Structure formats: C-alpha cells, structure tokens
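Read off the chains here:
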Amino acid sequence: MIAIRPSEARGHANHGWLDSHHTFSFASYYDPDFMGFRALRVINEDRVAPHEGFDTHPHRDMEIITYPLSGAIAHRDSTGGEGLLRAGEVQRMTAGTGVLHSEMNGANENLHFLQIWIIPDRRGLTPSYEQKAFTEAERQGRWRVVVSPDARDGSLTVHQDVVLHATLLGKGEQAEYTLAPGRHVWLQVARGKGTFNGVEVKAGDGVAVAEESKLVLTASEPIEALLFDLA
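Residues numbered from 1 in each chain as written. Predicted model: local features only at pLDDT ≥ 70, side-chain atom pairs only at ≥ 80, totals over all residues. Heavy atoms only, no water.

Next up on the list: the overall build of the protein chain. Check the secondary structure of the protein chain and you find 1 helix and 20 strands. Radius of gyration (C-alpha) of the protein chain: 17 Å, near the 17 Å computed for a compact globule of 231 residues. Principal axes of the C-alpha set define a box for the protein chain whose edges measure 45 × 40 × 40 Å. Looking at the 231 residues of the protein chain, the share that counts as buried comes to 53%. Residue pairs at least 24 apart in sequence account for 71% of intrachain contacts in the protein chain once pairs closer than 6 positions are excluded. Total accessible area on the protein chain is roughly 10000 Å²; 50% of this is exposed by carbon and sulfur atoms. Mean positive and mean negative side-chain charge positions of the protein chain (22 and 31 charges, respectively) differ by 2 Å. (Helix = DSSP H or I, 4+ residues; strand = E, 2+ residues; numbered from the N terminus. Rg over C-alpha atoms; globule rule 2.2 N^0.38 Å. Buried < 20%, exposed > 50% of the residue type's maximum accessible area, 1.4 Å probe, protein only. Contact = heavy atoms within 4.5 Å. Areas by Shrake-Rupley, 256 points an atom, 1.4 Å probe, with all protein chains shown as cover. Lys, Arg positive; Asp, Glu negative; His and termini not counted. Charge placed at Lys NZ, Arg CZ, Asp CG, Glu CD.)

To continue, consider the sheet that holds strand β10 (residues 99-105). Strand order in this open sheet of 4 strands is β5-β10-β7-β8, and the pairing throughout is antiparallel. Strand pairing shows two members of the sheet lacking a second neighbour, β5 (52-59) and β8 (82-86), which therefore form its edges. Taken over all neighbouring pairs, the strand axes of this sheet differ in orientation by 20° on average, direction set aside. Relative to β10, strand β7 (residues 72-77) runs antiparallel, the two being bridged by 4 bridges. Looking at the pairing, A74 lines up with M104 of β10. (Pairing = 2+ DSSP bridges. Axes fitted to C-alpha atoms, helices over the stretch in contact; angles between N-to-C directions.)

Here the focus is the pattern of salt bridges. Enumeration according to the criterion identifies 16 salt bridges in this entry. Among the salt bridges present, the one from D121 reaches R122, with a minimum N-O distance of 2.8 Å. Judged by relative accessible area, D121 falls into the partly exposed class, the value being 45%. By relative accessible area, which is 46% here, R122 ends up partly exposed. Note that R139 and E224 form a salt bridge whose closest N and O atoms lie 3.3 Å from each other. Within this pair, whereas R139 is found in helix α1 (residues 136-139), its partner E224 is found in strand β20 (residues 214-230), the two being separated by 85 residues in sequence. With relative accessibility at 5%, the residue R139 sits in the buried group. Members of the salt-bridge network, linked through shared partners, are E8, K202 and D205. (Salt bridge = Lys/Arg side-chain N within 4 Å of Asp/Glu carboxyl O.)

Attention now moves to the sheet that holds strand β3 (residues 18-22). Spatially, 7 strands are ordered β2-β3-β4-β11-β6-β9-β12 in an open sheet, and the strand pairing comes out antiparallel. Edge positions in the open sheet fall to β2 (11-14) and β12 (128-133), since each of these has one partner strand only. Adjacent strand axes in the sheet meet at a mean angle of 15° when their direction is disregarded. Where strand β9 (residues 89-94) lies against β12, 6 bridges are found, and the strand directions are antiparallel. Bridging from a neighbouring strand, V90 pairs with K132 of β12.

Moving on, we come to the UniProt feature "domain: Pirin N-terminal" (unreviewed entry) in the protein chain. The positions UniProt marks with the feature "domain: Pirin N-terminal" (unreviewed entry) are residues 7-118. Taken end to end, residues 7-118 has its terminal C-alpha atoms 20 Å apart, with 0% of it in helix and 59% in strand. (UniProt positions renumbered as here; feature names shortened; annotations may be inferred.)

Listed below in structure tokens is the structure:
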C-alpha cells in the first residue's frame, strides 16, 4: 500500500512573519483523516522571516525533531540547551515533564525548516536536548540514519520505536530501502522531484507505505527527503 499526501493538500497558515504548511492537523488546521501517522504526529514546513521567530513557549510529552533546510535557528531551552542550528544539522528535544524553549531567526535571510513531533513511548520523561551535524557526503546517494531509539551509527536518540533517515540525491540517483515485515514508512520530500516506487513525488509531498518490502526513491532533479521507519 502506497498513499500520497500531496503538498497542495496540506494545511496552510500565513502569519506574515511565518509561512507554515501542516502535513497533519495542527493548531487551527484540523483534518480528522490526517491526525498523524503511527507515532508521527506533526510535520510542519516553516519559513520564518529575518529577525522573527517563536518566543519562549512550553511543550510537554513530545519528542521534537528540527531539521533546517536553509538559514539558522537560534535555539534556547530550559534544559540549558542553546546555540545555532544550521542546515545539515538535526536537533532532538525531549519535552517530557515540561520544557520552555524559543526558536529565532536572527539572520538577514529567511529561515526554512521542518519541525517534526513524535509521540514518545512513555510520558513523564526527563527533558533533554541534543543536536548533531550530518555532512552532505554522509547523506549523498544513500539513506543516513539521523535519529533512532538506540543512537545507532552516531544518530540522535529518540524515545520511540522510530528510525529517521535522510538522503540527498542528484539527478538520476537512487536510494533503496528494505522495509521489514510489520513496519511502516512515511516519506517526506523536503525539496526536489522524483519517483517513489514509480509514483511521482515532489517537494512537500508525503507518502505513507505499508506492506511493501523494497522501496526505491529516484531523483528526476536533485532531491532531499526524509524517511521514517515506524512500528
């Protein structure tokens, strides 16, 4: 089973300083057919104007993954984590029992990033934070694990049975993935265009997969994509 969630079908909110597209129901956008996928609850594609951002606000009982596509996010949270998160880096924040954080674009250029929420495997976790850079060479032409429950291959740790892979493909390149029985995949195309098991996909599209074993992403133009392997 392969089902496409087209980019243009997503929820959309433009606040002037923030232009946001919601793959799943979020804030004032509600679609009962798209409340999430397995433990994946939110994928927001956000564009933030220069010198704007999200002032300090609370979260709890959620694993929050931030994946910048261009620009840099100035991050600060109540666990003591702070710094700049740039394209090529990934951040994981465990909100757990409660955390306050802010995300600001302090630069003169627009900020473009994906923010992902994953429901944790249990409530009441101790809040924590980590981030790491993954070079283009690590992701080029292959699926690179960037988040996993066991920190495999130097990835960030998430408190859920989810493995997140990232790839960069040049025109004509392919990345293959073998899905184990009983597992599910959500593919999110961050930019570019190509095919996924022969189905055309483009920037902003999401693809839900079940009961398929071999998955092949092929780029018809340079593509950046995320693949979530979920229980």
